[in-house]
Amino acid sequence: MTAGHAAAPGAPGAADAARTESGEGRPLLNRRLAGFGTTIFAEMSALAVRTGAINLGQGFPDTDGPEEVREAAVRALRDGRGNQYPPGPGIPELRTAVAEHQQRFYGLRYDPDTEVLVTAGATEAIAASLLALVEPGDEVIALEPYYDSYAASIAMAGGTRVPVTLRPRDGAYHLDLDELRDAVTDRTRLLLLNTPHNPTGTVLRRDELAAVAELCVERDLLAVTDEVYEHLVFDGAHHPLASFPGMRERTVTISSSGKTFSFTGWKVGWVTGTPALVTAVRAAKQYLTFVSAGPFQYAVAEALALPDSYYTDLREGLRRRRDLLAGGLQEAGFAVHRPQGTYFITTDIRPLGATDGVAFCLALPERVGVVAVPTQVFYDHAAEGAPYVRFAFCKRESLLDEAVARLKRLAP
């Protein structure tokens, strides 16, 4: 295992970071972060701007979310709500809305005063959870490929990352439960779980999650679950790990408003868990941002109360776009792993005669005017993910139509 993961194309890697020195000849960047450069998302989005290509790399919508939610933020600004520091745990209205959401969709009851914490997006929630719960030398198991902040957050906490790899089979990615069990040692502190899973689009089944829960209880493991794509499930259903026997008291559940309501720039996330777990996470969180997004918290509180029809329409609209892009990618010659959830499609580029995802993605804007993300940067061992490339479909259908037309130029 390595201490970091492959740096983004063109970003400083471990060797470059080690050569970045102060006047006294000492490295400026501490060893824990020496392998981390600019994120792949920033790198590829900059490439899209530079080339004028269609950006199907970074996962953000190209349209805003519900008008009533945006107007709720404007109203909060004008009414002077949240323009100064909001309460450290988050405004009461949002904490109550989060608790009601967990009860409404999953039957999970949380006390909004002691078991809910508002964060600056899920990324801060993940970092704060790991900083709070992981001691230097503790092992943290994460499903690979993984969102790049996982590796950085584990490193900042001084933990050791232990990847359990999801591998493609029959058009989808699968978790090997035996491999997961074998990965647990006496040094394992925590399981970092992401379902629906970015970048593969895998949605873990109830029986798989039950096995994960049994393992956590048997080995006395904590769990941190990243559930930001909870409402973007097309096949199957989302089951929070905290809903399984023995897991509520050992699980930090994380979600956010960005993916569900298409306001990714607002950075409003949340943590739910027992009072002891939430207090621990808050101890770290308060020294990261302290508080954030005051007026937007009021708007997200209203968003969480939207009717079921909103969530249904969101899911069905993304399902159409998934199918549109998946079909186009297949016609262009890619091997497509059709996602069960999220708004990403992972493809295999080997049918197009390519084997290096980074080289393929760096050349793609000039070849056809489309940007994608190489998934090998989400692996500890880059060779495992070398032939795979991820595309985002959270875009207007007209833009996806144009992207598909361009990608079809690649067809053999």
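Preceding this paragraph is the structure being described.
Rules behind the numbers
- Residues numbered from 1 in each chain as written.
- Predicted model: local features only at pLDDT ≥ 70, side-chain atom pairs only at ≥ 80, totals over all residues.
- Heavy atoms only, no water.
- Helix = DSSP H or I, 4+ residues; strand = E, 2+ residues; numbered from the N terminus.
- Buried < 20%, exposed > 50% of the residue type's maximum accessible area, 1.4 Å probe, protein only.
- Contact = heavy atoms within 4.5 Å.
- Areas by Shrake-Rupley, 256 points an atom, 1.4 Å probe, with all protein chains shown as cover.
- Lys, Arg positive; Asp, Glu negative; His and termini not counted.
- Charge placed at Lys NZ, Arg CZ, Asp CG, Glu CD.
- Phe/Tyr/Trp six-rings, centres within 6.5 Å; stacked < 30°, edge-to-face > 60°.
- Lys NZ or Arg CZ within 6 Å of the ring centre and 35° of its normal.
- Pairing = 2+ DSSP bridges.
- Expected span 1.5 Å × (residues − 1).
- Arc of directions from axis to C-beta.
- Polar contact = N/O pair within 3.5 Å; in protein donor to acceptor, adjacent residues only side chain to side chain.
- Axes fitted to C-alpha atoms, helices over the stretch in contact; angles between N-to-C directions.
- Parallel < 35°, antiparallel > 145°, perpendicular 65-115°, else oblique.
- Nonpolar A, V, L, I, M, F, W, Y, C, P; charged D, E, K, R; others polar.
- Disulfide = S-S within 2.5 Å.
- Core = buried A, V, L, I, M, F, W, Y, C linked by side-chain atoms within 4.5 Å.

Caption draft 1: Expanded view of the overall build of the chain. Scanning the chain for helices and strands turns up 15 helices and 15 strands. In the chain, which comprises 412 residues, the share counted as buried stands at 59%. Put simply, 75% of the contacts in the chain that link residues at least 6 apart link residues at least 24 apart. When the accessible surface of the chain is split by element, carbon and sulfur atoms take 50% of a total near 16400 Å². Positive and negative side-chain charges of the chain, numbering 41 and 51 respectively, have mean locations separated by a distance of 3 Å.

Caption draft 2: Geometry of the packing of aromatic side chains. As enumerated under the stated definition, the model contains 16 aromatic pairs in all. Centre to centre, the rings of Tyr310 and Tyr311 are 5.4 Å apart; their planes meet at 80°, and the pair counts as edge-to-face. In this structure, Tyr310 and Tyr311 share a single accessibility class: buried. One aromatic cluster is present, formed by Phe105, Tyr106, Phe261, Tyr310 and Tyr311 through successive ring pairs. When the ring centre of Tyr298 is taken as origin, the NZ or CZ atom of Arg81, which lies over that ring, is 4.7 Å away. Here the guanidinium or amino end of Arg390 rests over the ring plane of Phe344, the centre of that ring lying 3.6 Å away.

Caption draft 3: Quick peek at the pairing of strand E15 (residues 388-392). Burial analysis of E15 places 5 of its 5 residues in the buried class, the great majority of the element. Two strands pair when backbone bridges link them, and strand E14 (residues 373-374) and E15 are joined in this way by 2 bridges, in the antiparallel orientation. If you follow Val373 over to E15, its bridge partner there is Arg390.

Caption draft 4: Expanded view of the environment of Arg104. The topology assignment puts Arg104 in helix H4 (residues 92-106). Remark: the alpha-carbon pair of Arg104 and Ala305, spanning 201 residues in sequence, is separated by 9.8 Å. In this view, Arg104 contacts Leu304, Ala305, Leu306, Pro307, Asp308 and Tyr311; residues no more than four positions away in its chain are not counted.

Caption draft 5: Spotlight on the sheet that holds strand E11 (residues 335-337). The sheet built from 4 strands is open, its strands ordered E11-E12-E15-E14 with antiparallel pairing. The sheet terminates laterally at E11 and E14, the two strands that pair on one side only. Relative to E15, strand E12 (residues 344-348) is paired through 5 bridges, and the arrangement is antiparallel. Bridging across to E15, Thr347 finds its partner in Val389.

Caption draft 6: A look at helix H11 (residues 294-303). With 8 of 10 residues buried, H11 is to be regarded as a mostly interior element. All of the buried residues in H11 are Gly294, Pro295, Gln297, Tyr298, Ala299, Val300, Ala301 and Ala303. Residues of H11 that are buried sit in contact with helix H3 (67-78), H4, strand E2 (116-119), helix H9 (258-261), strand E10 (269-272) and helix H12 (308-332).

Caption draft 7: The arrangement of helix H13 (residues 357-368) in detail. The terminal C-alpha atoms of H13 lie 16 Å apart, and with 12 residues this matches the ideal 16 Å at 1.5 Å per residue to within 8%. For H13, the full list of buried residues reads Gly357, Val358, Phe360, Cys361, Leu364, Pro365 and Val368. All buried residues of H13 fall inside an arc of 165° around its axis, so they share one side. Each element contacted by the buried residues of H13 is listed here: helix H2 (40-51), strand E13 (370-371), E14, E15 and helix H15 (397-407). With a side-chain oxygen positioned 3.0 Å from the backbone nitrogen of Val358, the residue opening H13 is Asp356.

Caption draft 8: Focus on the sheet that holds E2. The strand order E2-E10-E9-E8-E7-E3-E4 describes an open sheet built from 7 strands, whose pairing is mixed. One side of each edge strand has no neighbouring strand; the edge strands of this open sheet are E2 and strand E4 (160-165). Shown here is a sheet whose adjacent strand axes are inclined to one another by a mean of 20°, direction ignored. Judged from the 4 bridges that link them, strand E9 (residues 251-256) and E10 form a sheet pairing that is antiparallel. Among the inter-strand pairings, Ser255 is bridged to a residue of E10, identified as Trp270.

Caption draft 9: Structural context of the packing of helix H5 (residues 121-133) against helix H10 (residues 275-285). Relative to each other, H5 and H10 sit at 105°, their axes nearing to 8 Å. Between H5 and H10, the crossing angle belongs to the class labelled roughly perpendicular. Taking contact as the criterion, the partners of Glu124, Ala128, Ser129, Leu131, Ala132 and Leu133 in H5 are, on H10, Leu277, Ala280, Val281, Ala284 and Lys285. Of the residues assigned to the contact of H5 with H10, the class counts are 8 nonpolar, 1 polar and 2 charged.

Caption draft 10: Focus on the state of the cysteines. One pass over the structure, following the stated rule, counts 0 disulfides. Cys394 provides the cysteine sulfur closest to Cys361, a residue in no disulfide bond, and the two sulfurs are 16 Å apart. Looking at Cys394, the relative accessible area reads 3%, which means it is buried.

Caption draft 11: Region of the structure containing the nonpolar core. Ranked by size, the top nonpolar core spans 105 residues in total, and within it Phe334, Phe391 and Leu407 carry the most contacts. Per-element tally for this core: the top contributor is H12, with 8 residues. Beyond its immediate sequence surroundings of up to four residues, Leu407 is in contact with Leu329, Ala332, Phe334, Leu364, Val368, Val370 and Phe391. Leu175, Leu193, Cys216 and Leu241 belong to the second-largest nonpolar core, a separate cluster that totals 25 residues.

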